[in-house]
Amino acid sequence: MGQSAMTTDQSMQYGAPSQKQMAYYNKCINTLANAFHYSVVAPTDENPMSGEVSAAERETAEYVSRLFKSVYEPGAPKESASQLAAASYIDPEAEYPDPPTILSSNDIPVLTQGDFSAVVGQAGTRKSWFCLLLAACYLSEGRFPESSPFEAEMKPRLLLWIDTEQGASRVARTQRRLARAVGETSGKYMFFSMREFEAPTRLMATAYLIIRYKPALVIIDGIADLMNDPNDVLESALIRQFLLSITSRCDNHIIAVIHSNEKSIVDKARGHVGSEVSRKASTMFNLTSEGVSTTVAYDKTRDARPEGFSLIIENGLPKIIDMVRPTPAAKKEKLNLFATYCKNHPTGVRKSELLRYFVDASGKSASTAKRLCQLALEMEIIEKSGEFYYEKS
């Protein structure tokens, strides 16, 4: 055997965590130990922590600890193969009721209890506005918006909105918009801004809020920010397992917002975590923007796919409009030629120079160049200031 060969004991087991992954795992476990103080500060009459809060902290600490260990320290299953097979058997004589529906579209379930969905789109496609529409429809029992594409199927309860990207002032603005949209409602809502937290702290705080308050609907605006590296295989598996287990455990629905890849790949959720979330989500909404409008399409559902729709923002609230057909990918690729040239000339480009470049790069006529340049402006791919054109900031 050559010197480069390794014995079984020396080689790393396939799929075993790397040193970097284990360092992150140990950091998370230490964060977990410091985040929950129920074992240090026991609930008493003098202690400001109530027994209910202490019980929620204990349950969350145990849940998160098991969650991390299931991914980073997987062990042998407690049950035998025969026991696992027996537990998965579907009895043809038994009845298995469908999960309760929260929102539907044309009698097709869209959001159901015990599951999660994904809202996918590039930056600027109004993903948060679309989530505002979903939240308002749920809390208003379908009264908002006018000509709503959704029907509310149950009485609203508590909604949690967890924003991992925006600061407190912007999250408060979204909360005020929701209040204006729904008016009086029997449902309640709570908003949280976690931009300042580190990734493991965001995940633990999110788990605590869900376990503590038992909401029916949760919006996580920025699911990738619950992790340190969206391309890490184990961290992505952790987020996937978190979404699957917490929705089943608390019988709620989570709407996970995630960015898609750059303009060359419109429909694919970004990173390894995007792939994991997309595979397991019960419903996947894909958002694309066309100027001032956003088109919502269903990339995935458990049942038939409802028809898509478009929305605009009017008077500070989302409004449903007639369907705007997305620009074909081939045309978008040509429009991006304008953005590329403007990006390479940050001090500005005159229209004649921009059109001449487009004709040379695409082989199209001058009249086509003028028409598509105007379309690129309308779609906010480029912008104009005075006589000069720039990449849209």
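This write-up is about the structure you can find in this document. (Residues numbered from 1 in each chain as written. Predicted model: local features only at pLDDT ≥ 70, side-chain atom pairs only at ≥ 80, totals over all residues. Heavy atoms only, no water.)

Right, let's talk about the overall build of the chain for a bit. Regarding its fold elements, the chain presents 11 helices and 15 strands. Counted over contacts in the chain with a minimum sequence separation of 6, partners at least 24 positions apart contribute 66%. When the accessible surface of the chain is summed, it comes to about 20800 Å², and 49% of that surface belongs to carbon and sulfur atoms. (Helix = DSSP H or I, 4+ residues; strand = E, 2+ residues; numbered from the N terminus. Contact = heavy atoms within 4.5 Å. Areas by Shrake-Rupley, 256 points an atom, 1.4 Å probe, with all protein chains shown as cover.)

Once the charged atoms of two side chains with opposite charge are near each other, the side chains can pair. Inspection of the entire model under this criterion finds 9 salt bridges. Residue Arg249 pairs with Glu59 through a salt bridge whose shortest N-O separation is 3.2 Å. Taken together, the residues Arg249 in helix H7 (residues 233-250) and Glu59 in helix H2 (residues 51-72) connect sequence positions 190 residues apart. Of the residues examined, Arg249 reaches a relative accessible area of 36% and is grouped as partly exposed. A salt bridge links Lys319 to Glu314; its shortest N-O distance comes to 3.3 Å. Relative accessible area serves as the criterion here: at 36%, Lys319 is assigned to the partly exposed category. Ionic contacts of the salt-bridge type, sharing partners, join the residues Arg240, Glu276 and Arg279 into one network. (Salt bridge = Lys/Arg side-chain N within 4 Å of Asp/Glu carboxyl O. Buried < 20%, exposed > 50% of the residue type's maximum accessible area, 1.4 Å probe, protein only.)

Attention now moves to the sheet that holds strand E4 (residues 151-152). Pairing within the open sheet is antiparallel, and its 3 strands lie in the order E2-E1-E4. Looking at strand neighbours, the two that pair on one side only are strand E2 (108-112) and E4, the edges of this open sheet. Sheet analysis places strand E1 (residues 101-105) next to E2, joined by 4 bridges and oriented antiparallel. Residue pairing across strands places Leu103 opposite Leu111, the latter belonging to E2. (Pairing = 2+ DSSP bridges.)

For the rest of this paragraph, the subject is unusual backbone geometry. Here the bond from Phe144 into Pro145 is cis, since omega is -5°, no more than 30 degrees from zero. With respect to the helices and strands, the residue Pro145 is situated in the loop between helix H4 (127-139) and E4. At Arg126, a residue that is not glycine, the phi angle is positive and equals roughly 70°. Note that Arg126 resides in the loop between strand E3 (115-121) and H4. A positive phi angle is found at Asp251, which is not glycine, with a value near 55°. Position of Asp251 relative to the elements: it lies in the loop between H7 and strand E8 (253-259).

Turning to the pairing of E1, a few remarks are in order. It is a general feature of regular strands that their side chains alternate between the two faces of the sheet. Within E1, 5 of the 5 residues are buried, leaving the element largely enclosed by the surrounding structure. Hairpin remark: E1 followed by E2, antiparallel, with 2 residues in the connecting loop; positive phi at Asn106, about 55°.

It is worth spelling out the packing of helix H10 (residues 351-362) against helix H11 (residues 366-378) at this point. When two helices pack together, their arrangement is given by the angle between the helix axes and by the axis-to-axis distance. At a minimum axis distance of 9 Å, the contact between H10 and H11 shows a crossing angle of 120°. Handedness of the crossing formed by H10 with H11: right-handed. Contacts from Leu354, Leu355, Phe358 and Val359 in H10 reach Ala366, Ala369, Lys370, Leu372 and Cys373 in H11. In terms of residue class, the contact of H10 with H11 is made up of 8 nonpolar, no polar and 1 charged. (Axes fitted to C-alpha atoms, helices over the stretch in contact; angles between N-to-C directions. Left-handed = near helix turned anticlockwise from the far one by under 90°. Nonpolar A, V, L, I, M, F, W, Y, C, P; charged D, E, K, R; others polar.)

Turning to the sheet that holds strand E10 (residues 293-300), a few remarks are in order. Across a sheet, strands are paired by hydrogen bonds formed along the backbone, either parallel or antiparallel in direction. Here we have 9 strands laid out as an open sheet, ordered E6-E5-E7-E8-E3-E9-E10-E11-E12, and mixed in their pairing. Where the open sheet ends on each side, the last strands, each with one partner, are strand E6 (188-193) and strand E12 (317-321). Strand-to-strand, the axes of this sheet are offset by a mean angle of 20°, without reference to chain direction. Sheet strands in contact with helix H6 (residues 199-213) are strand E5 (158-163), E6, strand E7 (217-221) and E8, and its direction is about 175° off that of E5.

One pass over the full model with this rule turns up 11 aromatic pairs. Both rings, one in Phe285 and one in Tyr298, keep their centres 5.3 Å apart while their planes meet at 50°; by these two values the pair is tilted. Of the two residues, Phe285 is situated in strand E9 (residues 283-290) and Tyr298 in strand E10; the sequence distance between them amounts to 13 residues. Taken together, the ring pairs connect Phe130, Phe150, Phe285, Tyr298 and Phe309 into an aromatic cluster. It is Arg212 that lies over the ring of Tyr213; its NZ or CZ is 4.9 Å from the centre. (Phe/Tyr/Trp six-rings, centres within 6.5 Å; stacked < 30°, edge-to-face > 60°. Lys NZ or Arg CZ within 6 Å of the ring centre and 35° of its normal.)

Moving on: H10. Compared with the 16 Å implied by 1.5 Å per residue over 12 residues, the 16 Å span of H10 between its first and last C-alpha is a close match. Burial in H10 covers these residues: Leu354, Leu355 and Phe358. Looking straight down H10, one finds that the buried residues subtend no more than 95° of arc, so they occupy a single side. Positive phi shows up at Gly363, right after H10, with a value of about 80°. (Expected span 1.5 Å × (residues − 1). Arc of directions from axis to C-beta.)

Keep in mind that these numbers describe shape and distance, not what the molecule does.
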